[in-house]
Amino acid sequence: MNPLLVVDDITKKFGGFLAVDGVSLSVDAGEIHAVIGPNGAGKSTLFKLLTGVYTPTRGTVEVSGTAVTGMRPHGVARAGLVQVFQTSSIFPRLTVEESVATSLLATSGMSMSLRRRDWVRLRDEVASLLGDVGLLDEARSIAAALSHGDQRALEVAVALGCRPSVLLLDEPTAGMSPFETERMVALIKTLREVRGVTIVLSEHDMDVVFGLSDRVTVMHHGQVLRVGSPVEVANDEQVIAVYLGGERV
Amino acid sequence: MTVPWGGELAEEPVGDNSRGHSAAESEWVSPRGRRQQIAWLIVLVVLLLLGGRTLGVTNVEILIDSMQFAVFACATNLVIGYGGLVSFGQAVFYGIGAYTIGLTWMHMRLDFWIAFGAAPIVAGIAALLVGLIVLRTRGLYFALLTLAFAQLCYTVTLLQTGFTNGSTGIFGSLIPSLLVNPRNAYYFVFGISAVALLAMWFVIRSPFGLTLKAIRENRGRAEAIGINVFRHQLAAFVISGFFCGLAGGLFVIYDNATYPHLLDWITSGFPVFMLVIGGMALFLGPALGALVYTVAYTEISQRTQQWELIFGIVLVIVALFAPEGLGGLVAARTGRRRSWHALLRVARDRYDVLRGDRV
């Protein structure tokens, strides 16, 4: 199988500090790939390098065979690599349906259009995406008034509006109740199964990581410590020592 | 309510104050609310049409002034209220619109109608050139750069006496004899202002307007979903500049003159004052602010030289107690936008309280 996301020797240096040091990653189409590691391991910096927020000091990123290294974030998103942020990042005063329509308009190249019917035409697709994330009943709610779990679901719907080939989820269950976490896990599975989206996620909840992922990359001090299946990673002595606190999962 | 795709949705936007955001903050209006807005708008248009014939000349002139300021304020609101870009230099484009007519008359005796048509285009081109520079900065730096451009253009206009007549400005028969009659001028300014406001309304409701609001709400997220923020903000800046230039052209019809102070920082402050008074979230909030400003200026300046002091105090009170302006006061009172009848209800309640009928 051809890898959809290829990261080669990506490095980011802030002054004398190496935040990400020569990380290489290969994610196949349809895969759920987890990136884990202790706080400060470089996961969030790696995501920012992939999405164009940071320019890498060295290395390359390819999405579906297209080099996106050095592109601005909007260019990377249009190439098919879209991120859902670690903290809620919504459009507070837009309604839920307006939020999703915004990303669909951008992806369809109609965000500069002055014809209202261009966005009215997208309503079916907006409804379909909201249905997938369980927010159809909240279509006209104000984004800021949603619960934390619903806001995260809205973020996923907005990201899906970009019709991504690879979705980056940065700690998708952070701050969620057990019920909301369960709902998010079910949503991530649905995204892969129904929409065929390839997912790269960073997560601290090991039940979520090992329950969802096909492969896991463990990072430590900005470098890749281990890549393997959840079982291989969970039983790796080095990973257990530096991240799993000496406990086997 | 059944939506086009078949789902059942709430009649109104749903929201609470638990996170500091109320339903009133949404710019979504229910179909019923929209019908009410249209009905009140028709009443307003009819009243304004009748006003041109029935009101005295002084009041007609006040309304002409209000209408050109309404276009200026709503155009400024495109970048400040909808684009989230606090510009203190929109007077540059207002002044350029006015000077396009003044200078082409002074140097070329160009036909007024051609000059009037060119005014917004020249202002739009100027906005493109200024925007290409200032939009590379954000926040305070953006505000200061727009202010710097305004002062630069003001100073050039003031100092290039041979070309612009300097501080004297340009006087004469700038406008055709048809528009010298205040009632003719009134209907012309009314027609142009109505078309301009309608055009801006369509911009706000378009996919472009929605994208602009998304950028205002969360720039980083907008970029992350593939929106080219710079291009959209530049387009908004140019559209705003175009309509500010048109307002400048309307000013010439009102005053039959142009002056350098049309480009200075005080003139840039006028629409900002109107936005604060009328409210930025409602589309016609700035137009309401323009009307309040013009009427208040006329009344207060006849009684005291210290009108700016009084306006300053009003600004402080509004900023402290009604930060979303008169429009926001209505929205906060009712929990949702219900057009002008809500404003009347608030006024009636206040009146009842003052009379002691209600506590």
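Everything quoted here is computed from the prediction, not taken from an experiment.

**With respect to the overall build of chain A**
The secondary structure content of chain A amounts to ten helices and ten strands. Scaling as 2.2 N^0.38, a compact globule of 249 residues should have a C-alpha radius of gyration of about 18 Å, and chain A matches this with 18 Å. Viewed in the frame of its principal axes, chain A has a C-alpha envelope of about 55 × 40 × 35 Å. For chain A, with 249 residues in total, the buried portion stands at 50%. In chain A, 66% of the contacts between residues at least 6 apart in sequence involve partners at least 24 apart.

**A few points about the overall build of chain B**
Counting its secondary structure elements, chain B contains 16 helices and two strands. Within chain B, buried positions represent 47% of all 359 residues. Partitioning the contacts of chain B with sequence separation of at least 6, the portion at a separation of at least 24 is 75%.

**Description of the confidence of the model for chain B**
Residue and element names in this part refer to chain B. When pLDDT is averaged across chain B, the result is 83; 83% of the residues are at 70 or more. This model gives residues 1-26 a pLDDT under 50, and the stretch forms 60 contacts once residues within four places in sequence are excluded. Counting contacts from residues 334-340, a segment whose pLDDT is below 50, to residues more than four positions away or on other chains yields 19 contacts.

**Concerning the sheet that holds strand S6 (residues 81-84) of chain A**
All names here are of chain A. Strand order in this open sheet of six strands is S6-S7-S8-S3-S9-S10, and the pairing throughout is mixed. Unpaired on one side and paired on the other, S6 and strand S10 (223-228) mark the two borders of the sheet. Direction aside, the axes of adjacent strands within the sheet are offset by 20 degrees on average. Here strand S3 (residues 32-36) pairs with strand S9 (residues 215-220) via four bridges, running parallel. Residue pairing in the sheet places His33 in a bridge with Arg215 of S9. Most of the contacts of helix H1 (residues 43-50) go to strand S7 (residues 166-170), to which it runs at about 150 degrees, and overall it touches S3, S6, S7, strand S8 (198-202) and S9.

**Quick look at the interface of chain A and chain B**
Often the size quoted for an interface is simply the accessible area lost on bringing the parts together. At the interface, 44 residues of chain A touch 38 residues of chain B. In terms of residues, the side of chain A that touches chain B owes the most to one element, helix H3 (residues 96-107) of chain A, which gives seven residues. For the side of chain A that touches chain B, a count of residues per class yields 23 nonpolar, twelve polar and nine charged.

**Topic: the confidence of the model for chain A**
Parts of the prediction with low pLDDT should not have their coordinates interpreted in detail. Residue-level pLDDT values for chain A average 88, and 97% of them are 70 or greater. At the low end of the mean pLDDT range in chain A sits helix H10 (residues 237-242) of chain A, at 82; at the high end sits H3(A), at 93.

**Remarks on helix H4 (residues 112-134) of chain B**
Over its 23 residues, H4(B) runs 32 Å from end to end, which matches the ideal 33 Å to within 8%, given 1.5 Å per residue. At Ala118(B), H4(B) shows its largest bend, some 30 degrees, and a proline, Pro120(B), comes one to four positions later.

**Observations regarding the nonpolar core**
In terms of nonpolar packing, the biggest core is built from 177 residues, with Ala157(A) and Val71(B) touching the most fellow members. No other element matches the 15 residues that helix H2 (residues 57-82) of chain B contributes to this core. Excluding residues within four positions of it along the chain, Val71(B) makes contact with Ser193(B), Ala196(B), Leu197(B), Phe243(B), Leu246(B), Ala247(B) and Leu250(B).

**Quick word on the environment of Ile90(A)**
Looking at where Ile90(A) falls in the secondary structure, it is placed in the loop between S6 and H3. Given 22 C-beta atoms within a 10 Å radius, Ile90(A) is considered buried. Setting aside chain neighbours within four positions, we find Ile90(A) in contact with Ser99(A), Ala143(A), Ala144(A), Gln151(A), Leu154(A), Glu155(A) and Asn218(B).

**Notes on the packing of H3(A) against helix H9 (residues 207-217) of chain B**
Where H3(A) meets H9(B), the closest approach of the two axes is 10 Å, and the angle between their N-to-C directions is 110 degrees. Between H3(A) and H9(B), the angle falls in the class roughly perpendicular. Between H3(A) and H9(B) lies a crossing whose hand is left-handed. Judged by residue contacts, Glu98(A), Ala101(A), Thr102(A), Leu105(A) and Ala106(A) of H3(A) engage Pro207(B), Leu210(B), Thr211(B) and Ala214(B) from H9(B). Taken together, the residues that form the contact of H3(A) with H9(B) break down as six nonpolar, two polar and one charged.

**Points about the sheet that holds strand S1 (residues 3-14) of chain A**
Residue and element names in this part refer to chain A. What the four strands build is an open sheet, ordered S2-S1-S4-S5; its pairing is antiparallel. Whereas interior strands pair on both sides, the edge strands pair on one side only; in this sheet they are strand S2 (17-28) and strand S5 (66-67). Taken together, the eight bridges between S1 and S2 define a ladder with antiparallel strand orientation. Note that in S2 the partner of Val6 across the bridge is Ser26. Docked against the sheet, H1 engages S1, S2 and strand S4 (58-63), running at close to 65 degrees with respect to S2.

**A short note on unusual backbone geometry**
Most peptide bonds take the trans form, and the phi angle of most residues other than glycine is negative. Even without being a glycine, Arg163(A) presents a positive backbone phi close to 45 degrees. Turning to its location among the elements, Arg163(A) is positioned in the loop between helix H6 (148-160) and S7.

Cut-offs and rules
Residues numbered from 1 in each chain as written. Chains lettered and ligands numbered in written order. Predicted model: local features only at pLDDT ≥ 70, side-chain atom pairs only at ≥ 80, totals over all residues. Helix = DSSP H or I, 4+ residues; strand = E, 2+ residues; numbered from the N terminus. Rg over C-alpha atoms; globule rule 2.2 N^0.38 Å. Buried ≥ 20, exposed ≤ 12 C-beta atoms within 10 Å, placed from the backbone. Contact = placed C-beta atoms within 7 Å. pLDDT = per-residue confidence, 0-100. Pairing = 2+ DSSP bridges. Axes fitted to C-alpha atoms, helices over the stretch in contact; angles between N-to-C directions. Nonpolar A, V, L, I, M, F, W, Y, C, P; charged D, E, K, R; others polar. Expected span 1.5 Å × (residues − 1). Bend = angle between axes of the 7 residues up to and from the residue. Core = buried A, V, L, I, M, F, W, Y, C linked by C-beta atoms within 7 Å. Parallel < 35°, antiparallel > 145°, perpendicular 65-115°, else oblique. Left-handed = near helix turned anticlockwise from the far one by under 90°.

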